[in-house]
Amino acid sequence: MGITPIDQKLKTLLNNPEMADVQFIVGKERIEIYGHKLLLSVSSPIWKTMFYSSKWKEVNNKMISKVEIPDIDPESFLSILEFAYTRKIKITPKTALNVLHAADKFLMKELKEATLNHILKNLNNRTSLNTYERALDLKEHQ
Amino acid sequence: MSWENISIPVKILKPPKELEKPQVDRLWGLIRDAVEEIHQMNASSLSFEEIYWTCYSLVIGGKGDLLYERLIQIIGQHATKQADMISKISDEYFLVILNAKWQQFKLQHLMMQDIFMYLDQFYAKKKQKSPVFQLSMQQWREKVLLQENIKDRLLKMLLGLIHMERNSEVIDRVLMKSLIQMYLEVSNKELDFYTTEFEEKFLLTSARFYHVESQDFISSNTCGTYLKKVSLRLKEESFRVAHYLSKSTGPKLLKACEDENLKEHAKTLLSMESGCLEMIKRNKSDDLKLFYELFTRIEGGQDSIIEVLVDFVKAQGESVVKEETIKEKDPSDLISNVIGLRDRCEILLKKSFGNSPVLAKSINDACVYFINLNDRLPEYLCSYLDRKLRMAFKGMSEEETNLAMVRVLQIVRFLKNKDVFKKFYEHFLAKRLLSGRAISEELERLMISKIKQACGQQFTSKMEGMFLDMKLSNETIDGFKNYLSTSGSLEKLPSVDVNVRVLTQGFWPTLPAQKALLGEVLNSYCNIFTEYYLSAHNGRKLLWQYNIGTAEIQAQIGSRKYILVMSTYQLLALLLFNSTEKLSFKTILQSTQIPAYDLMRALQAMSLGKIKILKKSSRGKEINDDDIFTINRKFRSKLRRVKILAVLKSETEPERNRTREKIDEDRRLLIDAAIVRTMKARKVLMHNDLIIEVTKQLNSRFTPKTSLIKMRIENLIDRDYLERFENERRKYKYKA
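Per an unreviewed UniProt entry, chain B is named Cullin-3a-related, and its organism is Anaeramoeba flamelloides. Word for word, the UniProt comment on chain B under Sequence similarities (unreviewed entry) is "Belongs to the cullin family."

Peer 1: Run through the overall build of chain B, naming residues and quoting values.
Peer 2: Assigned secondary structure in chain B consists of 29 helices and nine strands. A buried classification covers 46% of the 736 residues belonging to chain B. In chain B, 71% of the contacts between residues at least 6 apart in sequence involve partners at least 24 apart. Carbon and sulfur atoms make up 51% of the accessible area of chain B, which amounts to about 39500 Å² in all.

Peer 1: Tell me about a negative patch on the surface, residues and numbers included.
Peer 2: Residue and element names in this part refer to chain B. Taken together, Glu398, Glu399, Glu400 and Glu442 make up a surface patch of like negative charges. If one sorts the elements of the negative patch by residue count, helix H19 (residues 398-414) sits on top with three residues. Summarising the element assignment, Glu399 is placed in helix H19.

Peer 1: Run through the packing of aromatic side chains, naming residues and quoting values.
Peer 2: Under the defined criterion, the tally for this structure stands at 30 aromatic pairs over all chains. Ring geometry for Phe421 of chain B and Phe459 of chain B: centres 6.4 Å apart, planes at 20°, overall stacked. Note that Phe421 of chain B is positioned in helix H20 (residues 418-434) and Phe459 of chain B in the loop between helix H21 (441-455) and helix H22 (461-487), a separation of 38 residues in sequence. Across the pair, exposure class does not vary: Phe421 of chain B and Phe459 of chain B are buried alike. Directly above the ring of Trp53 of chain B sits Lys105 of chain A, whose terminal nitrogen or CZ lies 4.3 Å from the centroid. In this structure, Arg445 of chain B is placed above the aromatic ring of Phe467 of chain B, and the distance from its NZ or CZ to the ring centre is 4.6 Å.

Peer 1: Tell me about the pairing of strand S5 (residues 628-631) of chain B, and please be specific about residues and values.
Peer 2: Residue and element names in this part refer to chain B. Where strand S3 (residues 582-584) and S5 come together, three bridges link them in antiparallel fashion. Pairing of Lys582 across the sheet is with Thr630, part of S5. Bridge count between strand S4 (residues 614-616) and S5: three bridges; the pairing is antiparallel. Paired with Lys616 across the two strands is Phe629, which belongs to S5.

Peer 1: Describe empty space enclosed by the protein, with residues and values.
Peer 2: All names here are of chain B. A complete count under the given rule lists one cavity of 30 Å³ or more for this structure. Contributing to the lining of the largest cavity are Leu159, Ile162, His163, Arg166, Phe202, Thr205 and Phe209. Those elements that provide at least two residues to the lining of the largest cavity are helix H7 (148-166) and helix H9 (193-218). Considering every element that reaches the lining of the largest cavity, the biggest residue donor is H7, with four residues. Here the residues of the lining of the largest cavity sort into four nonpolar, two polar and one charged.

Peer 1: Give a detailed account of the environment of Leu543 of chain B, specifying residues and quantitative values.
Peer 2: Here Leu543 of chain B is to be found in the loop between helix H23 (520-536) and strand S1 (550-557). The exposed category is assigned to Leu543 of chain B, whose relative accessible area is 54%.

Peer 1: Explain helix H1 (residues 21-39) of chain B to me, and be specific about the residues and the numbers.
Peer 2: Residues and elements named next belong to chain B. Helix length check: H1 (19 residues) gives 26 Å between terminal C-alpha atoms against 27 Å at 1.5 Å per residue, within 8%. For H1, the secondary structure elements touched by its buried residues are helix H2 (48-60), helix H3 (64-87) and helix H4 (91-115). A positive backbone phi angle near 65° is found at Met41, which sits one or two residues after H1.

Peer 1: Give me the lowdown on the packing of H3 of chain B against helix H6 (residues 132-145) of chain B, citing residues and values where you can.
Peer 2: Residue and element names in this part refer to chain B. Packing of H3 against H6 brings their axes to within 9 Å, and their N-to-C directions diverge by 35°. Remark: the crossing between H3 and H6 carries right-handed chirality. Contacts between H3 and H6 involve Tyr68, Leu71, Ile72, Ile75, Gly76, Ala79, Thr80, Gln82, Ala83 and Ile86 from the first element and Val132, Leu135, Ser136, Gln139, Trp140, Lys143 and Val144 from the second. Taken together, the residues of the contact of H3 with H6 break down into eleven nonpolar, five polar and one charged.

The rules we used
- Residues numbered from 1 in each chain as written.
- Chains lettered and ligands numbered in written order.
- Predicted model: local features only at pLDDT ≥ 70, side-chain atom pairs only at ≥ 80, totals over all residues.
- Heavy atoms only, no water.
- UniProt positions renumbered as here; feature names shortened; annotations may be inferred.
- Helix = DSSP H or I, 4+ residues; strand = E, 2+ residues; numbered from the N terminus.
- Buried < 20%, exposed > 50% of the residue type's maximum accessible area, 1.4 Å probe, protein only.
- Contact = heavy atoms within 4.5 Å.
- Areas by Shrake-Rupley, 256 points an atom, 1.4 Å probe, with all protein chains shown as cover.
- Patch = residues over 30% accessible without salt bridge, like charges linked within 9 Å, V, L, I, M, F, W, Y side chains within 5 Å.
- Salt bridge = Lys/Arg side-chain N within 4 Å of Asp/Glu carboxyl O.
- Lys, Arg positive; Asp, Glu negative; His and termini not counted.
- Charge placed at Lys NZ, Arg CZ, Asp CG, Glu CD.
- Phe/Tyr/Trp six-rings, centres within 6.5 Å; stacked < 30°, edge-to-face > 60°.
- Lys NZ or Arg CZ within 6 Å of the ring centre and 35° of its normal.
- Pairing = 2+ DSSP bridges.
- 1 Å grid on protein atoms, 1.4 Å probe; cavity = no way out; pocket = protein on both sides within 12 Å on 5 of 7 lines; lining within 4 Å.
- Points joined across faces, edges and corners; volume = space filled by probe spheres on them.
- Nonpolar A, V, L, I, M, F, W, Y, C, P; charged D, E, K, R; others polar.
- Expected span 1.5 Å × (residues − 1).
- Axes fitted to C-alpha atoms, helices over the stretch in contact; angles between N-to-C directions.
- Left-handed = near helix turned anticlockwise from the far one by under 90°.

Put into structure tokens, the structure is as follows:
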């Protein structure tokens, strides 16, 4: 009898309202996505501060349960969560740049690097110059 | 999935544009307000998320420079304000307020660190500038801690508190820890603020403190008391480090403390009236332990203890091994004292010096020195062991016996001339085995096995050979008795219970085979035995040694019968009185042919000792040729079995000299062998190299004198084993 790896177990929690303690309102579509603060905090110092640092209003009032993320599309956001939960990167050409953008913003260093590599590897002369420039720009930021 | 035919959602991914001024002002305004709130301690209403995104937008918008510069300004202003306020506080509350302000400042800037995470990550790092929190620490350092009204006052008060604590007053350690920690927290890789502004000065003050204290204390206390105090002080300083100083200060502080308390006074502590030497003399092992523990902490401390210890052991040893300490020719006390001194060293080593291998070696060297001062010590050791073994270590348990043997062997290991020990041990062993007295074979064998352990297999081969001879002799004599009873040769002879020991030449210390006239009966027995033995062992040669035999006879003196136990010589002399009443010494000498010296001793024992079987005509101990001996008819003894002992001299001068000569002879042979062996291997060798090589080879047995080796080389040249080079006289060549 095998033991289920932890990432498979954690994957069942992905966007699962059960035991969730934060709700994200994502994108222009205002889609509700459920999250678990503990798991998120492990991946991003921003979330860690936001959810757990008692110095700030958010934790002081114990009221943080809804976070608005208007500038990222739900699909990209879900793949960010999936990385946070399972350490697996699932990006599509469509979401790649948005994931990169969000990883930068949330200081998710590993995700950012992985995405960047992925994009640069799959880049060819038929890909949009725009993509290339944006990616380089973010790399520059790093 | 392929990357072809993909439309990139450019909408969201527009590259960030340089922000316009009004927008920048608005965002900066938000941040400035937030920082102000934090500095006012009003942060509980601030939302992290909002401020973080504001900061993020500014950095993304290319305004990192602006944000960073303005932050420095704003933090600097805040720190200056704090400094102004703190500097006005009176001494009484100065430290407490400073600490409170510091804690506040730290908390505020930890919050700032949160907000400016993105700035740290993507602006400061890239431009190789300090992260925001370090910036804050730097501002506190420069604006507050270096402010003229604060800097010296803070240091002085901290050092003052430590001084108070050293004088047994209670101080607020938590406050100390927090403030000293502050020095550490505002330090960084480039600038070790703690070391330069606090530690250096603290170490100086500490050294000064102990300089004064130690001088005062040592002049009015004993060494032991002083060391206890120092030990306590060292412990206190260790606790001080643990409680409120940086770990890295520990070794430096202890060193300063040790230097002032111990190194400065090392000479005094070693030589003062109650110092190291005195502690050793009086076996104060606890004080000495402390002495050692403390002194090993300072440079050269161990060496100076070793010096005192070695001098003591050598001096003590010199007096212990002096010939003059021997009373009545009994060296037991000398050996006991040597063992005692060695034991004492061992105990000190264990109890006081933590079994340090370095000290153990020094002690051993000192022992080697004094033990080899007295040339006769190996002989005394053997005589000591002889006494113990003859009495089978009376009064000692198995364990004690074992220990006693081990102790003697420890001394043996230190002997340079082990060959002397070996010869004398063999000599005494032979005497014990042939004395006819019961011996404890178990103890003898145990002793030999211990010698073997210490000196090697070869060393004890002769001793073991002696035991083998004894065993074979028993078998031989059983066979002989059997032969006597069956062969019928007994019929013509009176019955004598004969016991013969056949000693293999080479195993036993050689004694000159001396002739003596045995008389008819004994002579017949000897002849029969010779016949019997040679028939069984063809080709062997038997030499009789009457001088070491013993006899038991039944004698009637007056009305009583006695069993007399005596030496063979004594028996031969006594037998003469069966046929006559009176005999002169001269007559006895002629009739028995016993060497005069031996006969004299034999007669002395029978006429001058406690048991007087014979009466001598003249008074005094001397025996003259004309002295007449008669049987003492008045002899009485309560015991039926009477032992006539040899004159009380366990080792007579001639015997001793004989053993010595034998040792010298053996040494010459060993040196010859070593020289020839070496030259055969090397063919050509310089004089000095040959001496060194030979000495090295022989060292485990004895230390050959260079002069003796030289003599042997000359001798070997004469005997054509070696020759000198014509042109180079100090060079030898092996002649095959």
